[in-house]
Each structure stands twice: as structure tokens, then as C-alpha cells.
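For reference, the chains in residue letters:
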Amino acid sequence: MQLVVGKIGRAHGIRGDVSVEVRTDEPELRLGPGAVLLTDPASVGPLTVESGKVHSGRLLLRFAGVKDRNAAEALRGTILIAEVDPEERPDDPEEYYDHQLIGLDVVLLDGTPVGELTEVLHLPYQDLLTVKKPDGTEVLVPFVTRIVPTIDLENQRAVIDPPPGLIDPEQAEVLRDESADDESAEEAE
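Quick caveat: nothing in here was measured; it's all calculated off a predicted structure.

Right, let's get into the overall build of the chain. Helix and strand counts for the chain stand at 4 helices and 12 strands. The 189 residues of the chain split such that 33% are buried. Here the analysis covers contacts within the chain between residues at least 6 apart in sequence; of these, 46% occur between residues at least 24 apart. Carbon together with sulfur atoms contributes 49% to the accessible area of the chain, which is approximately 11,900 Å² in total.

Attention now goes to the sheet that holds strand β4 (residues 47-55). Around the barrel, 6 strands lie side by side as β1-β2-β5-β4-β3-β6; this closed barrel has antiparallel pairing. Between one strand axis and the next, the sheet turns through 50° on average, direction left out of account. Examined bridge by bridge, strand β1 (residues 2-12) and strand β6 (residues 79-83) share 5 bridges and lie antiparallel to one another. Its bridge partner being in β6, K7 is matched across the sheet by I79.

Applying the stated criterion to the full structure yields 5 salt bridges. The closest approach of N and O atoms between R62 and D17, which form a salt bridge, is 2.7 Å. Linking R62 in strand β5 (residues 58-63) with D17 in strand β2 (residues 17-22), this pair joins segments that are 45 residues apart in sequence. Linking D152 and R157 is a salt bridge whose minimum nitrogen-to-oxygen distance equals 3.9 Å. Residue class for D152 comes out buried when judged on its relative accessible area of 18%. Residue class for R157 comes out partly exposed when judged on its relative accessible area of 32%.

Glancing now at the layout of surface pockets. Looking at the largest pocket, its volume works out to about 1,000 Å³. Every residue lining the largest pocket is counted, 32 residues in all, and those nearest its centre are D25, Y96, D98, H122 and D127. Secondary-structure elements contributing two or more residues to the lining of the largest pocket are β1, β2, α3 (98-101), β8 (113-122) and β11 (150-152). Split by residue class, the lining of the largest pocket holds 18 nonpolar, 5 polar and 9 charged.

The next thing to look at is the environment of I102. In this fold, I102 is placed in the loop between α3 and β7 (105-108). Accessibility expressed as a relative area gives 42% for I102, which makes it partly exposed. Between the C-alpha atoms of I102 and T118, which are 16 residues apart in sequence, the distance is 5.2 Å.

A word on the side chain of D152. Tracing the sequence through the fold places D152 in strand β11. Of note is the side chain of D152, whose polar atom sits 2.6 Å from the side chain of N155.

With that settled, consider the sheet that holds strand β12 (residues 157-160). Spatially, 6 strands are ordered β10-β9-β8-β7-β12-β11 in an open sheet, and the strand pairing comes out mixed. Edge positions in the sheet fall to β10 (138-142) and β11, since each of these pairs with one other strand and no more. Sheet twist, expressed as the average angle between the axes of neighbouring strands with direction ignored, equals 35°. The sheet contact formed by strand β9 (residues 127-132) and β10 spans 5 bridges and is antiparallel. Residue V131 lies in a different strand from β10, and its bridge partner there is V139.

With that settled, consider the pairing of β7. Strand residues, when the strand is regular, have side chains that alternate between the two faces of the sheet. As defined by bridge partners, β7 adjoins β8 across 3 bridges and the pair is classed as antiparallel. The residue of β8 that forms the bridge with V107 is P113. A loop of 4 residues connects β7 with β8, the two strands running antiparallel in sequence, and G111 in this loop sits at a positive phi of about 90°. Where β7 lies against β12, 4 bridges are found, and the strand directions are parallel.

Conventions and cut-offs
- Residues numbered from 1 in each chain as written.
- Predicted model: local features only at pLDDT ≥ 70, side-chain atom pairs only at ≥ 80, totals over all residues.
- Heavy atoms only, no water.
- Helix = DSSP H or I, 4+ residues; strand = E, 2+ residues; numbered from the N terminus.
- Buried < 20%, exposed > 50% of the residue type's maximum accessible area, 1.4 Å probe, protein only.
- Contact = heavy atoms within 4.5 Å.
- Areas by Shrake-Rupley, 256 points an atom, 1.4 Å probe, with all protein chains shown as cover.
- Pairing = 2+ DSSP bridges.
- Axes fitted to C-alpha atoms, helices over the stretch in contact; angles between N-to-C directions.
- Salt bridge = Lys/Arg side-chain N within 4 Å of Asp/Glu carboxyl O.
- 1 Å grid on protein atoms, 1.4 Å probe; cavity = no way out; pocket = protein on both sides within 12 Å on 5 of 7 lines; lining within 4 Å.
- Points joined across faces, edges and corners; volume = space filled by probe spheres on them.
- Nonpolar A, V, L, I, M, F, W, Y, C, P; charged D, E, K, R; others polar.
- Polar contact = N/O pair within 3.5 Å; in protein donor to acceptor, adjacent residues only side chain to side chain.

Limitation: the analysis is restricted to geometry and does not speak to function.
Here it is in C-alpha cells:
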């Protein structure tokens, strides 16, 4: 099975180093020296990590055969993919691989069915779960413990406790700004 573990950014320096946007919770395992990574586009790889370091909070990698800035810059935008055993589990019991989550039944705390988890979106500040409801519409659910308290892989379900309006917009609670009401009452006079 394949996991996206990073995306190559700008070249750094003149010796072939590149910055990498890390997309794994295990960079030392997936992006360490000697790691062989598949790529998207496939024509660029596979790439073997020769060395790595952290510089100013960014991961910098050097790949075998990439010896100068021009070769490094040609890799910009390449997605890095690791081959992983499908039975492998993250070390932290609160972490999951995307393939473990896709296809889970999504239910409310009381067991009411919501839909099927179809995709995990990885955004810079939090992950979102895409849930396809029985009527064919999709809803995005923030993947945070407050809203998704339970992932039950054994029973193939994700239990959610969404705020009002997240699943059904008609149930949204609208907060009113009382000062705006006072101003419109004054204008009416």
C-alpha cells in the first residue's frame, strides 16, 4: 500500500538539497537516509534519501543522484510516496492511516447513521473527514477529538458529536448581535 509522506518544495543551496513539506507523523522513519520513495509524477523517481536535516524549522533532504541546484529545482512539486505494509499501524493509538478510515460508517453518539467516510483532507492546521450522506451530499467534519471522539476500527465506524448545523444546516444555531438590533431599532425611530 502507498502513503503520501511529503511534497518537495524549493531547492536549498547549490548542492542539491530540497525543502520538503512533511505529510507524515513519522518523518524519521519514512524520510530517513536510505528510504526509497516512489514519486508522482512517476517519471521522476524512485528517489533514495541520501541525507536529511532540519534547518530553520524546515526539513531538507538530499537525494542520491541529485547533485546541484538545477537538478533539485527540477524536483519541485513532486509528491513523495512510501510503500507501507497494509497491516502496519502507527505507534500512537490515537493516529490512523487514511486507508484505515476510508469506508468507515459514520454515526452520531446515539448510533444514528450519518453516512460513509470517503476521504481524509490534510490541511495545514487540521484534517477534515469527508462524509457522504445517504442522499448523496457531502459534509466536511473537522477531525478533532471534540467532534470525532471515537474511531472504532474493529467495528468499522467513526462516532461523531457534531455541533448543531454541521451535519444538517437547518439545525444551525444563529447567534444574534444585540447591539445591531439596538442600532436598527434606533434607525427605525
